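# Reading the structure
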Amino acid sequence: MKKCDCVLCSFENPKVCSTAIIIKDQKMLVAKRAGSPFKGKWDFIGGYINKNESPEDAMKREIKEELGVNCKCRYLTSFCGTASYEGYGYPVLAMCYLVELSGKIKLNKKENSKLSWIPIKNLKTIAFDSNQKILKYVKSKFVCDLKGVRSLLKQLNPNIVFDEQSLYRATLNGYMSKVEKKGKLIGMGWIYPRQTLPWNNATIEDMIVDEKYRGQGLGEKILFDLIGWAKRNNIQIIELTTNPKRLAANSLYRKIGFQQFETNHYLLKLKK
Ligand SMILES: CC(C)(COP(=O)(O)OP(=O)(O)OC[C@H]1O[C@@H](n2cnc3c(N)ncnc32)[C@H](O)[C@@H]1OP(=O)(O)O)[C@@H](O)C(=O)NCCC(=O)NCCS
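Note that the structure is a prediction, hence the values are computed from the model and not measured. (Residues numbered from 1 in each chain as written. Predicted model: local features only at pLDDT ≥ 70, side-chain atom pairs only at ≥ 80, totals over all residues.)

### A look at helix α2 (residues 55-67)
If you check α2, its first and last C-alpha atoms are 18 Å apart, about what 13 residues at 1.5 Å a residue would give, namely 18 Å. When α2 is considered as a whole, its buried residues turn out to be Ala58, Met59, Glu62, Ile63, Glu66 and Leu67. Looking down the long axis of α2, one finds its buried residues gathered within 135° of arc, a one-sided arrangement. Close packing links the buried residues of α2 with β1 (15-21), β3 (27-33), β5 (46-48), β6 (70-85), β7 (88-102) and β8 (112-119). Backbone geometry just downstream of α2 places Gly68 in the positive-phi region, at approximately 75°. (Helix = DSSP H or I, 4+ residues; strand = E, 2+ residues; numbered from the N terminus. Expected span 1.5 Å × (residues − 1). Buried ≥ 20, exposed ≤ 12 C-beta atoms within 10 Å, placed from the backbone. Arc of directions from axis to C-beta. Contact = placed C-beta atoms within 7 Å.)

Here it is in structure tokens:
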């Protein structure tokens, strides 16, 4: 194919595609490409945006076409790269979405020959250079000891019902401080920004150290790490609430300099 050299085509603007990050049990859904380029290689689910289509609508359409299900998507970030058609390379921009599928998936074999859930940690390579960047990003953001998170949350509150997807949403909304020993999570705390009209606030939640490791300075280490994040992000006030019966936690917060404020804390529960 001869490359068009008109003024319009000589602008090297990227072609935009939507790319799905689908995670379950710390495994990513990938598809084996049925055609070239990269035939036979693993790829993320996704595709090019059509004329007059938003990236989010393109993501939903691609999921429906390739997996036969509806989904919720949340924009993550974008990465540039290259692709090729009949020997010509051109720039691409991949808009990445964290996708939650609803329903039982059924592979459309026109584009991909096979689906597989591969542990994020073990996924070494993927088709397209932009996807390599996405894979690196996913590993840095979402790899975690899920069993460890479950076990810590149970210690915080035995009645907690934990949904893996909420962990990923929380990770995106703020910063999670983690302490690990031999790859096992033994302590964590989470801070997220809470903008009010006058203040850049942040809230700390889910502070917990595994009961086997308490009293060794880990709680204090996690708290200082969260405060460090707040300082780097120009937070003016950090807030948290804790039950007065949590003696260790109350003592820790006071020791670090948190001041107790008299206020009525109201909750309106909308969903179980
Ligand atoms: C609160 C918690 C995170 C503290 O973690 P930790 O690693 O045990 O705490 P550290 O070893 O870093 O101790 C730091 C400070 O916390 C306080 N503290 C820790 N254990 C305490 C205890 N058993 N009794 C009273 N104060 C205690 C002390 O002020 C201590 O400072 P000090 O050693 O100079 O006395 C931990 O006890 C925990 O996970 N508790 C259950 C979950 C919880 O209550 N989370 C808070 C939800 S808001």
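### Here's the deal with the domain arrangement of the chain
When the domains of the chain are assigned, the result is domain 1 (7-142) and domain 2 (146-256). Taken residue by residue, the interface counts seven residues in domain 1 and four residues in domain 2. Breaking the side of domain 1 that touches domain 2 down by element, the ones donating at least two residues are β7 and α3 (129-142). (Domains from an automatic or database assignment.)

### As for the pairing of β3
The two faces of a sheet get side chains in turn, since along a regular strand they alternate between them. Of the strand pairs in this sheet, strand β2 (residues 23-24) and β3 are connected by two bridges, and their pairing is antiparallel. Its bridge partner lying in β3, Ile23 is registered against Met28. Here β2 folds back onto β3, and the loop between the two strands holds two residues, one of which, Asp25, carries a positive phi near 50°. In this structure, β3 lies alongside β8, joined through seven bridges in antiparallel fashion. (Pairing = 2+ DSSP bridges.)

### Some remarks on the sheet that holds strand β12 (residues 237-239)
Within the open sheet, the four strands sit side by side as β9-β10-β11-β12. Their pairing is mixed. With one partner strand each, in any of the chains shown, β9 (175-181) and β12 form the two edges of the open sheet. Sheet twist, expressed as the average angle between the axes of neighbouring strands with direction ignored, equals 20°. As defined by bridge partners, β9 adjoins strand β10 (residues 184-195) across seven bridges and the pair is classed as antiparallel. Counterpart to Lys178 in the pairing with β10 is Met188. Along the sheet, helix α4 (residues 146-156) contacts β10 and β11 (200-209); its crossing angle with β10, the most-contacted strand, is approximately 75°. (Axes fitted to C-alpha atoms, helices over the stretch in contact; angles between N-to-C directions.)

### With respect to the site of the ligand
What surrounds the ligand is a group of 19 residues, the closest being Arg214, Gly219, Ala248, Ser251 and Leu252. Secondary-structure elements contributing two or more residues to the shell around the ligand are β11, α6 (218-232) and α7 (247-256). It is α7 that provides the largest number of residues to the shell around the ligand, a total of six residues. (Near = placed C-beta within 6 Å.)

### So, the sheet that holds β1
Spatial ordering of the open sheet is given by β5-β1-β7-β6, a layout of four strands whose pairing is mixed. Edge strands, defined here as strands with exactly one partner in the open sheet, are β5 and β6. Averaged over all pairs of adjacent strands, the angle between strand axes in this sheet comes to 20°, irrespective of strand direction. As defined by bridge partners, β6 adjoins β7 across 15 bridges and the pair is classed as antiparallel. Among the inter-strand pairings, Ser78 is bridged to a residue of β7, identified as Met95. The strands that α3 touches are β1, β6 and β7; relative to β6, the one it contacts most, it runs at about 140°.

### Things to note about unusual backbone geometry
Each neighbour pair has its own omega, and for Ser36 with Pro37 the value is 0°, a cis peptide bond. Tracing the backbone through its elements, the reader meets Pro37 in the loop between β3 and β4 (42-43). For Asp25, which is not glycine, the phi dihedral falls at a positive 50°. When you line up the elements, Asp25 lands in the loop between β2 and β3.

### A short note on the nonpolar core
In terms of nonpolar packing, the biggest core is built from 34 residues, with Ala20, Ile21, Tyr97 and Val99 touching the most fellow members. Counting only elements with at least two residues in this core, the list comes to β1, β3, α2, β6, β7 and α3. Met176, Ala202, Ile204 and Ile222 belong to the second largest nonpolar core, which has 18 residues in total. (Core = buried A, V, L, I, M, F, W, Y, C linked by C-beta atoms within 7 Å.)

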